Amino acid sequence: MSELNLILLGPPGAGKGTQADRLRTDFELPYYATGDILRAAVKEESDLGRQAREYMDRGDLVPDDLIGQVVVDRIDSDEARDGFVLDGFPRTLGQADELHRALEGLERHLTATLLIEAPDEEVIRRLSGRRVCRDNGHTYHVEFDPPKNEGFCDQDGSVLVQRDDDKLETVKHRLGVFHEQTKPLVELYEKDGLLRRFDGTRSPEEVNGHIRATLATLRLEEQL
Ligand code: AP5
Ligand code: MG
């Protein structure tokens, strides 16, 4: 079986986490979301969490040297031998370069970068209504994807909360950071022929269908 080494790219609120949840079930790939990894570190008050917290609270990116090795260690692990899904990494040109060099060292390559696109107004509507479960970060939206029991996670029953960085001012700042620091990666992966675009304004099921179809084709191409 060929490897599927994937990046999910897109503005905050485009639906990266929502799609990753579905992809994990569909393809059984390990999933590494740097936002989740960092939020867990903040909760545990580890060294990484203590250093990352102030950046995250402001909606800024944490410095490249705090997060790069964390991701490289996971990719270079047994569970990621057949592939992985990265969500939220890389998001600067420096991180893209670090990932590229790490994969080269492991004699592996990226299969594709899946870009989920959504306009700023949509992102703002989504993030203001997002709720996540406290235990495992499963994601809902009060209007677009409500849980069956209001306030509680369908999957594990834990209470639903709002993320600290989903306040309107912080969301606007995160969008600015995306346009300035992460968008250049679109051009980079387009040039490399790795970019696949998805319309994130469609329903989660439609976006999932498009991604699955693309991945099925990519897998066939990898086997040729
Ligand atoms: P991170 O956790 O990665 O946040 P983000 O990129 O801002 O993305 P989000 O998680 O907000 O959005 P998403 O695309 O996953 O959307 P979701 O599926 O939840 O990063 C947080 C912070 O950590 C950063 O600000 C930074 O400080 C730090 N960090 C992380 N990685 C870093 C790195 N590599 N370098 C440096 N710093 C880093 O969906 C959003 C909402 O919309 C939900 O309510 C959902 O139900 C709803 N929804 C989803 N899809 C649809 C749809 N198709 N239609 C309608 N509603 C939808
Ligand atoms: Mg997310």
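Data block above holds the structure.
Residues numbered from 1 in each chain as written. Chains lettered and ligands numbered in written order. Predicted model: local features only at pLDDT ≥ 70, side-chain atom pairs only at ≥ 80, totals over all residues. Heavy atoms only, no water.

Caption draft 1: Inspection of the pairing of strand β3 (residues 83-87) at higher detail. Of all five residues that make up β3, five are buried, and the element is covered over most of its length. Pairing between strand β1 (residues 4-9) and β3: five bridges, direction parallel. Across the sheet, the residue bridging to Leu6 is Val85, located in β3. Inspection of the sheet shows strand β2 (residues 31-33) paired to β3 by three bridges, in the parallel sense. Its bridge partner being in β3, Ala33 is matched across the sheet by Asp87. (Buried < 20%, exposed > 50% of the residue type's maximum accessible area, 1.4 Å probe, protein only. Helix = DSSP H or I, 4+ residues; strand = E, 2+ residues; numbered from the N terminus. Pairing = 2+ DSSP bridges.)

Caption draft 2: Expanded view of the pairing of β1. A large share of β1 lies buried, amounting to six of its six residues. What you see with β1 is no split at all: Leu4, Leu6 and Leu8 on one side and Asn5, Ile7 and Leu9 on the other are buried throughout.

Caption draft 3: The sheet that holds β3, seen in detail. Read from one edge of the open sheet, five strands run β2-β3-β1-β4-β8, paired in parallel fashion. Edge positions in the sheet fall to β2 and β8 (195-199), since each of these pairs with one other strand and no more. Adjacent strand axes in the sheet meet at a mean angle of 20°, parallel and antiparallel pairs treated alike. (Axes fitted to C-alpha atoms, helices over the stretch in contact; angles between N-to-C directions.)

Caption draft 4: View of helix α3 (residues 47-58). What α3 keeps buried is the set Leu48, Gly49, Ala52 and Met56. Take α3 and look down its axis: the buried residues cluster within an arc of 80°, on one side only. Away from its buried face, by an angle of more than 90 degrees, α3 presents the exposed residues Asp47 and Arg50. Looking at the packing, one finds that the buried side of α3 touches α2 (34-44) and α4 (64-75). Immediately beyond the C-terminal end of α3, within one or two residues, lies Gly59, with a positive phi of roughly 85°. (Arc of directions from axis to C-beta. Contact = heavy atoms within 4.5 Å.)

Caption draft 5: Layout of the side chain of Thr214. As for its placement among the helices and strands, Thr214 is situated in helix α9 (residues 204-223). At a separation of 3.0 Å, a polar atom in the side chain of Thr214 contacts the main-chain carbonyl oxygen of His210. Once residues lying within four places of it in the same chain are set aside, the contact partners of Thr214 are Arg196 and Phe198. (Polar contact = N/O pair within 3.5 Å; in protein donor to acceptor, adjacent residues only side chain to side chain.)

Caption draft 6: Representation of the sheet that holds strand β5 (residues 130-133). Strand order in the open sheet made by the three strands is β6-β5-β7, with antiparallel pairing throughout. Either end of the sheet is taken by a strand with one partner, and the two such strands are β6 (139-141) and β7 (160-161). By the bridge criterion, three bridges tie β5 to β6 in an arrangement that is antiparallel. Within β6, the residue paired with Arg130 across the bridge is His141.

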